[in-house]
Amino acid sequence: MNTTVHSRALLYTDWTLTEPYFDPVLLRTRETIFTIGNGYLGTRGSFEEGYPQALPATLISGVYDDVPVIYTELANCPDWLSLVIIINGERFRLDRGDILHYERQLDLHAGVLSRFVRWRSPTGKTLEFRFERFASLADRHMLGLRCQITSIDGSGRLAEPFPWKIEVQSSLNGYPENQGFDHWEQLDQGELEQGIEQGIWLQVCTRTSHIELVMAAKIAVIGTEASFQVASPPGYHTLTTTFMAAAGQTISVEKVVTVFTSQETERPVQAAQDKLLALPSYALLLKAHQQAWEAVWQHSDIVIEGDRMAQLAVRYNLFQLIISASPQNDRVSIPAKTLSGFGYRGHIFWDTEIFILPFFTLTQPAIARSLLTYRYHALEGARRKASHSRYQGAMFPWESAATGDEVTPRSSMPTDPYAEAVRIWCRDREIHLSADIAYAVWQYWQVTGDDLWLRDYGAEIILDTARFWMSRLEWHPQQTRYELCGVIGADEYHEQVPNNAFTNRMVQWHLETAVAVYEWLQRTFPNQAAVLAQRLQLTPAQLLSWQAAIAQIYIPYNAETGLIEQFEGFFQLKDIDLTDYEPRDRSIQAVLGMDETNQRQVLKQPDVLMLLYLMRGVQAAPYSHDVLQKNWDYYAPRTDSTYGSSLTSAIHAILAADLGAPAAAYQQFMQAAMVDLDDNRGNTADGIHAASAGGVWQAVVFGFGGIQLKNSGPVATPHLPPTWSRLQFKLHWHGTCHSFDFVPSDSHTPNIQGFIFDLDGVLTDTAEWHYRAWQQLADEEHLPFDRQANEALRGVSRRESLLLIVGSHAYSELELQKMMDRKNRYYVESIQTITDKDVLPGALNLLAEIRQAGIKIAIGSASKNAKTVIEKLGLADHVDAIADGYSVEHPKPAPDLFLYAAHQLGLDPAHCVVVEDAAAGIAAAIAGGMWTIGLGPADRVDSADIVLPNLMGIHLADLQTKLSR
């Protein structure tokens, strides 16, 4: 066999990932990388024809089974890919003959995996094979595979004349293994016929969980006549088609498969057969699948310009997340290695809630809701764990599967026959998970405003896990404080430590949130509050004890230094300089050993920094920029970010971006983004690093996009890497899609610290009252005036307006003053009826968002009644300063009014943006050196930096994005 290895590198375009050469050494790693799926199942990128040492696998969400006594794991399902191709008695396989050309490509946009092989058999026959497969996103119980075979040349040393007899054996392999263990018992199998298409089906059942699975398959041959034959060895149902191929002839074999389990239907055999017989052509199925992917990318894509590797890597990570999440089954979640490999046995960790869920919460909230509801259904298992550990409430397991019970193995099994088994303390000591889940519940509610889900599901999760914490807290009377001892924090290099800062503060936050949620329930859904109080045995005395405990939980934070001690005693451990151990190709724990590592100030992954990141997300102490900087400087150099944990890099990237360290942020980001594509930890063969994939999305959105989730919505402060010329993404907030589009310009992104709003036509429409007052005056003076003439008065002072109306008519200065007084009297009389209902649509929400972001607000109006109007509109509390007709001598288009407003705010004019609806106002703001937003027709305010019809539906993030361009 000739399989010269040219390069390990993969090739990238914006949407495609290409493997240009076949390297058997990388077989299992590339099987993981080229995994396809649809959320219901995932299929590794194994070859249809097979290969020695391959690890083919199809894993279905929630299909767990037990390896007796040892562990619970996702069961490898029957292999639906199998295609044995025989040409004149000679079997096609890449470990025989010569590979003349090879290319495998994953099209992320279409969700299709394809492979092209030009192959010369040992006897000299040359053929081309084009394989294509997909797991339908349009119909998640349907799979498709096509193989196009072209006979090229038969002039080898053992030449065989055309036509060639080609036999294709398509099987459903009912004997898959989980690395040596077969989870399936064979139940039944049979045949199906539909016209010229032939079909087979296979029924199996897991050995201990008793989940039935049925696959049904049919094949069609396109381009020639073919015969069909069924072979029925038990558990290996095979449909064979035979046809003749002439020189240069291309013949397609199309295989479609349906799959159901007893988890979705009571009659999986009937369901699989009925769906198979009802399926349209392969081409139509593929088209529907591609359209479904197009729809998903519409709201989940991230666009990066100027960095093709980053663009492809980000999309690849998002693709792997999307194909791992089931929107239709709220009793399953996303395993740590997705549905792409056997790592961690398909178990669910905190990875899902903290690293993965934000992507779905902010782009596909229905999936986020489903993933969180899985935890609700797992509450009974969490209660059993708490009870077993002699605690109250619900204590979520460190590793979870189908029931919510603890499935973390007690010990790791050594490969050395003389080595001792290593106790896995995470199952008992790494208890922060319950608070992590509560955090995800709260963030989902914050982002979606889904009150009904919080009422029916989320509140019970938060409250019952809070009961667990109250039973787990330890009161130390000498220090008059609550502690948590014998725990493992997010950094897993240190076991059974006292008062881990991450755990203690998360518990404190959790209890604060539980009190807030219960009070919300009492106000909003009192009946449900009463039901939960009875179900969970919550009493007023208990709630008071929660509030008391919140203030007494010990957090090892030194306000003088700004440092948070990772756990009590951490600063007394021996220090370490990780650069002393470079270069290395393994974790520092593997270098030093477990005991020595436990005595050093070295971290597997962020702990204090992880805490600060999460508190940043909910705008809570101890997060501040200063505290972050001090703890970053201390802990980042002591974190084993290269080989410790794949969870590190994305979080470090976000925090580095926050701290204005773009080089460090980008380096950490790319390390996370390429963790599987480059296999930079050497374990991609075990499955995709799902938490890292979720972290990559967070690094782009929360790090480089600078998104922070305020009470009013997402607010952006972008920090783009120097090479990026554009960053685009969408976020969902309370049912509304927010589009972000960042394009760096020659000038820096404007540092907006203040907004100055005109009043009339911007925040309220008093223009109508002004017009009626002027019209009354003009009628009394017999002066020509109408609505068209009134348009010229926008943004113009009272005196200048009057002079425009009187035109060439002669009036003394005293008469002009009296006329202005009369007009003002008419106007003041009319505005007495103004209320908060007269605020223009969108204005109040925008003012609230600006206020929430800490940006100052002023009014810049030529009206001498601006203060009265602002008070009657109920906006006085939203405004820091008012510049009105009394404030300056020279009216618009002179810049004086807006310069006065900026001065009142204490801001440089260059840091202010003016919102105006009049050409004179835009001109005044530009003359003052300010940014401008024009409201109204483009021909009136076209000189503004941004032109909008009005403020309806406009968010601060939208304006920041547009101004950054």
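Let me begin by describing the structure that accompanies this report. It should be emphasised that the depicted structure is a prediction, and the values quoted were computed from it without experimental measurement.

## Re the sheet that holds strand β34 (residues 931–935)
With respect to topology, six strands assemble into an open sheet ordered β32-β31-β30-β33-β34-β35, the strand pairing being parallel. Strands at the two margins of the open sheet, each flanked by one partner only, are β32 (881–883) and β35 (946–948). Here the average twist between neighbouring strands, direction ignored, is 20°. With four bridges joining them, strand β30 (residues 754–757) and strand β31 (residues 856–860) adopt parallel strand pairing. Bridge pairing links isoleucine 756 to alanine 858 in β31. Strands β30, β31, β32 and β33 (912–916) of the sheet are contacted by helix α27 (residues 896–905), whose axis makes an angle of about 150° with β31. In this fold helix α30 (residues 956–964) packs onto β30, β33, β34 and β35, with an angle of close to 140° to the strand it touches most, β35.

## Section: the packing of helix α17 (residues 625–635) against helix α18 (residues 648–658)
As a packed pair, α17 and α18 sit with axes 10 Å apart at the nearest point and diverge in direction by 125°. By the angle class used here, α17 and α18 are oblique. The element α17 and its partner α18 pack so that their crossing is left-handed. Along its contact with α17, which presents His625, Leu628 and Trp632, the element α18 presents His652, Leu655, Ala656 and Asp658.

## Side note on the packing of aromatic side chains
Going through the model one piece at a time under the given rule, you end up with 47 aromatic pairs. Centroid distance phenylalanine 22 to tyrosine 51: 5.1 Å. Interplanar angle 80°. Geometry classified as edge-to-face. In this pair, phenylalanine 22 sits in the loop between β2 (16–19) and α1 (27–33) while tyrosine 51 sits in the loop between β4 (41–43) and β5 (58–60), placing the two residues 29 residues apart along the sequence. A residue is classified by how much of its surface remains accessible, and phenylalanine 22, at 5% relative accessible area, is buried. Overall, the relative accessible area of 14% leaves tyrosine 51 in the buried class. Geometrically, the ring pair formed by tyrosine 771 and phenylalanine 785 is stacked, given 5.8 Å between the ring centres and 25° between the ring planes. With tyrosine 771 in helix α21 (residues 767–781) and phenylalanine 785 in the loop between α21 and α22 (787–791), the pair connects residues that are 14 residues apart, well separated along the chain. Judged by its relative accessible area of 11%, tyrosine 771 falls in the buried class. What makes phenylalanine 785 buried here is its relative accessible area of 11%. Taken together, the ring pairs connect Tyr344, Phe349, Trp350, Phe355, Trp398 and Phe502 into an aromatic cluster. Directly above the aromatic system of phenylalanine 131 lies the positively charged group of arginine 115, at a separation of 4.3 Å from the ring centroid. Positioned above the aromatic ring of tryptophan 15 is the side chain of arginine 315, whose terminal nitrogen or guanidinium carbon lies 3.6 Å from the ring centre.

## Digging into α18
For α18, the buried fraction is high: 11 of the 11 residues fall into the buried class. For α18, the complete set of buried residues consists of Thr648, Ser649, Ala650, Ile651, His652, Ala653, Ile654, Leu655, Ala656, Ala657 and Asp658. Looking at the buried side of α18, the elements it contacts are α5 (351–363), α16 (608–617), α17, α19 (662–673) and α20 (690–704). At the exit of α18 stands glycine 660, carrying a positive phi of roughly 75°.

## Structural notes on the side chain of asparagine 824
Residue placement: asparagine 824 occurs in helix α24 (residues 813–830). For asparagine 824, a relative accessible area of 16% translates into the label buried. Within the local environment of asparagine 824, its side chain forms a polar contact with the side chain of asparagine 865, the two groups lying 2.7 Å apart. Ignoring sequence-local partners within four residues, the contact set of asparagine 824 consists of Arg798 and Asn865.

## Observations concerning the nonpolar core
Judged by nonpolar contacts, the single largest core of 214 residues is most densely connected at Trp350 and Phe669. The element best represented in this core is helix α11 (residues 501–524), accounting for 12 residues. Apart from the residues lying within four places of it in its own chain, the contact partners of tryptophan 350 are Phe355, Trp398, His432, Leu433, Asp436, Ala490, Phe502, Gln605, Met610 and Leu647. Phe757, Val762, Leu875 and Leu948 belong to the second largest nonpolar core, which has 38 residues in total.

Calculation rules
Residues numbered from 1 in each chain as written. Predicted model: local features only at pLDDT ≥ 70, side-chain atom pairs only at ≥ 80, totals over all residues. Heavy atoms only, no water. Pairing = 2+ DSSP bridges. Helix = DSSP H or I, 4+ residues; strand = E, 2+ residues; numbered from the N terminus. Axes fitted to C-alpha atoms, helices over the stretch in contact; angles between N-to-C directions. Contact = heavy atoms within 4.5 Å. Parallel < 35°, antiparallel > 145°, perpendicular 65-115°, else oblique. Left-handed = near helix turned anticlockwise from the far one by under 90°. Phe/Tyr/Trp six-rings, centres within 6.5 Å; stacked < 30°, edge-to-face > 60°. Buried < 20%, exposed > 50% of the residue type's maximum accessible area, 1.4 Å probe, protein only. Lys NZ or Arg CZ within 6 Å of the ring centre and 35° of its normal. Polar contact = N/O pair within 3.5 Å; in protein donor to acceptor, adjacent residues only side chain to side chain. Core = buried A, V, L, I, M, F, W, Y, C linked by side-chain atoms within 4.5 Å.

By themselves, these figures tell us nothing about what the structure is for.
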